[in-house]
Amino acid sequence: MLIMASMTANAQEVKLSGTILGSNATQAKNAFDGKTSTYFQGEYYTASPQSLYYGRNWVGLDLGEAHVITKVGIAARLNYESSCLFAVVQGANKADFSDALPITMLKTQPTIGTTTYLDVDVSRGFRYVRVVATNSRGYFSEIEFYGTPGKGDDTKFYQITNLPTVSFNTPGMAQIKSKDDKHPGSFVAIISQNGTNLLVDTLAQMKGRGNGSWTFNKKPFQIKFNKKQQPLDAPAKAKKWTLINNYGDRTLMRNKVAFDISREAGMKYTPYCTFVDVIYNGEYEGAYQLCDQVEVNPGRVEVTEMTPEDIAGEELSGGYFIEIDAYANQEISWFKSNKGIPVTIKSPKDDEIVSQQSAYIKDFFNKMETALWSSNFTDPETGYRKYLDLESFLRYFIVCELDGNLDSFWSTYMWMDRGDNMLHVGPVWDIDLGFQNYGSPNPVNNLSDFLYTHKDASKADGMEAFVSRIIKQDAGAKELLSETWSRLRKYGNFNYEYFEQRIDEYVATLTESQTLNFQRWPILNMSVQKGQKVFGSYEGEINNLKTFLEGRFTKLDQLIGLRDVSAIDDIAQDEDSNAPSELFDLQGRRVDSASPMPGIYIRRTGSKAEKIVVR
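To keep things clear, this report deals only with the structure shown in the data block. (Residues numbered from 1 in each chain as written. Predicted model: local features only at pLDDT ≥ 70, side-chain atom pairs only at ≥ 80, totals over all residues. Heavy atoms only, no water.)

Moving on, we get to empty space enclosed by the protein. One pass over the structure, following the stated rule, counts 4 cavities of 30 Å³ or more. By volume, the largest cavity amounts to about 50 Å³. Taken together, C400, E401, N405, L406, S408, F409, L451, Y452, A457, S458 and K459 make up the lining of the largest cavity. Grouping the amino acids of the lining of the largest cavity by side-chain chemistry returns 6 nonpolar, 3 polar and 2 charged. In this model, the second largest cavity occupies a volume close to 40 Å³. Lining the second largest cavity, in full, are Y396, C400, N405, D407, S408, S411, Y413, P427, V428, W429 and I431. Broken down by secondary-structure element, the contributors of at least two residues to the lining of the second largest cavity are helix 4 (390-403) and strand 21 (411-416). Classifying every residue of the lining of the second largest cavity by side-chain character gives 7 nonpolar, 3 polar and 1 charged. (1 Å grid on protein atoms, 1.4 Å probe; cavity = no way out; pocket = protein on both sides within 12 Å on 5 of 7 lines; lining within 4 Å. Points joined across faces, edges and corners; volume = space filled by probe spheres on them. Nonpolar A, V, L, I, M, F, W, Y, C, P; charged D, E, K, R; others polar. Helix = DSSP H or I, 4+ residues; strand = E, 2+ residues; numbered from the N terminus.)

Shown next, in the form of structure tokens:
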């Protein structure tokens, strides 16, 4: 059906006409007939009880040529106003809307009996425009598009909030039905910098991801770009990126705060993470985090990538990336250690690893395990420290106990580089159950022992004994743990006040996004996992996180023990008065002395160490 254009009272604006389109073709005309008594009603799909729609119900126009859209009017069917909330308006230049971009969104429920007008500030022109119902059948009474002819330019696009917007369309708007359901040829757009920056990949692959998180109504996803990208100033340039759904984390920031703790604890690698809003096949999905895919890659786990030809000598020694993983038996490349610990081999990848490599890393892990349970396990020459980097293990342990992650030893990553012959622990990952986000144990800070020992802490087979052998039975490890904790606590930002400030900054950043998210997913009064307590408001959830973290510092001061330590390890006497100076931060990490950032540092010259301030 073709409808004619008409001028509005404002001579600068034209109400646009075109060929009517819609997911329900027989009813699409009702949204453009000028009658509030008729309405568009999309179809009801029940292919999955957890996701019924995903871009299936929409109505729009083929304008015949590109137009820059300036305004959109949306009126709802009487008494069905709530069904129009979060309606997403898209523009496209392909008839199948495969290249559709969001141009605005209805963030408030329409008023009964009126048309809600949304101003559009997008500079690109589109031939095809539509309104997509989010998780509803639509019930649009009237739709109006206004604009001017022209292809426009790419100077301005639409962001839902102050956060970057990630919008993706699968081919044919197909639903992603499982964590392994791959959709190559997807259109992915990341809009940032107040709409002035657009990253697009028309040949990306979208798939599901996660284990427990995939069971939620709000789904997590993996993006695999057609070529390596560095979105939103991320440190790594890579193809694979994750969209973390945070459904079970009502603060929407537990991973982000835990990663801050990891960085301040001096972990070798901490995953990149930033807040975003997500649109999936034209439907608003809420607040997410765009994060690294934890994998071997420059800027991520930086070990030598092996080839199938690396089967002997030093080439066979690495690099390897493994995960102690309670879900390992669901993976392709995995083994069970002699003590029954399940281990997934993440790199070399499933389709590239050869038998010599899988045998090598399994044998190495078993050697470490055997040494750990030997009678002389603390001997630095023959004990477990010959195979396991104790410092990285202890820093990982500190981060996990501080953030109260119930899953710390359900999933534990380790890596080993070529010629290194030592397993290093990290990175930390998947902290949605951290910071007292569960019913038991509660409160964690009333426990007389570390969290990992509690019966309700999730642990892969054999891992509680593995950790206790080091933390409780190796006197040298206990001493080093206390020294490391004390050094972190005494120098730098490893204190509650610093992380409280970061939390407050994230609250401010998430203000609009979290408000919309919990309208889309009204779970602030629901316990959705592990018997978590309900606080009834976003402010209550944040206060719970803060209360836990403040008490956790105090508790770990008691459990680990504070001692008097210097900022850097003791150094050997150096009689050379002309020795060059070295600069360290307050966590003992070497810093480029040529161009340090403002802050407090330790300068070491020969045997002399002194604290300095760089302004």
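After presenting the structure, the write-up continues.
Orientation of helix 2 (residues 254-264) relative to helix 7 (residues 496-509), taken along the N-to-C sense of each, is 145°, at an axis distance of 11 Å. The hand of the helix 2/helix 7 crossing is right-handed. Across the interface between the two elements, K256, V257, D260, I261 and E264 of helix 2 pack against Y498, F499, R502, I503 and Y506 of helix 7. Taken together, the residues that form the contact of helix 2 with helix 7 break down as 6 nonpolar, no polar and 4 charged. (Axes fitted to C-alpha atoms, helices over the stretch in contact; angles between N-to-C directions. Left-handed = near helix turned anticlockwise from the far one by under 90°. Contact = heavy atoms within 4.5 Å.)

One way to put it is that helix 7 packs onto helix 9 (residues 538-560) with a least axis distance of 10 Å and a crossing angle of 165°. Classified by the angle their axes make, helix 7 and helix 9 are roughly antiparallel. The crossing of helix 7 and helix 9 is right-handed. Facing Y496, F499, E500, I503, D504 and V507 of helix 7, the residues of helix 9 in contact are Y538, I542, L545, K546, L549, E550 and F553. (Parallel < 35°, antiparallel > 145°, perpendicular 65-115°, else oblique.)

By themselves, these are just geometric observations and shouldn't be taken as functional.
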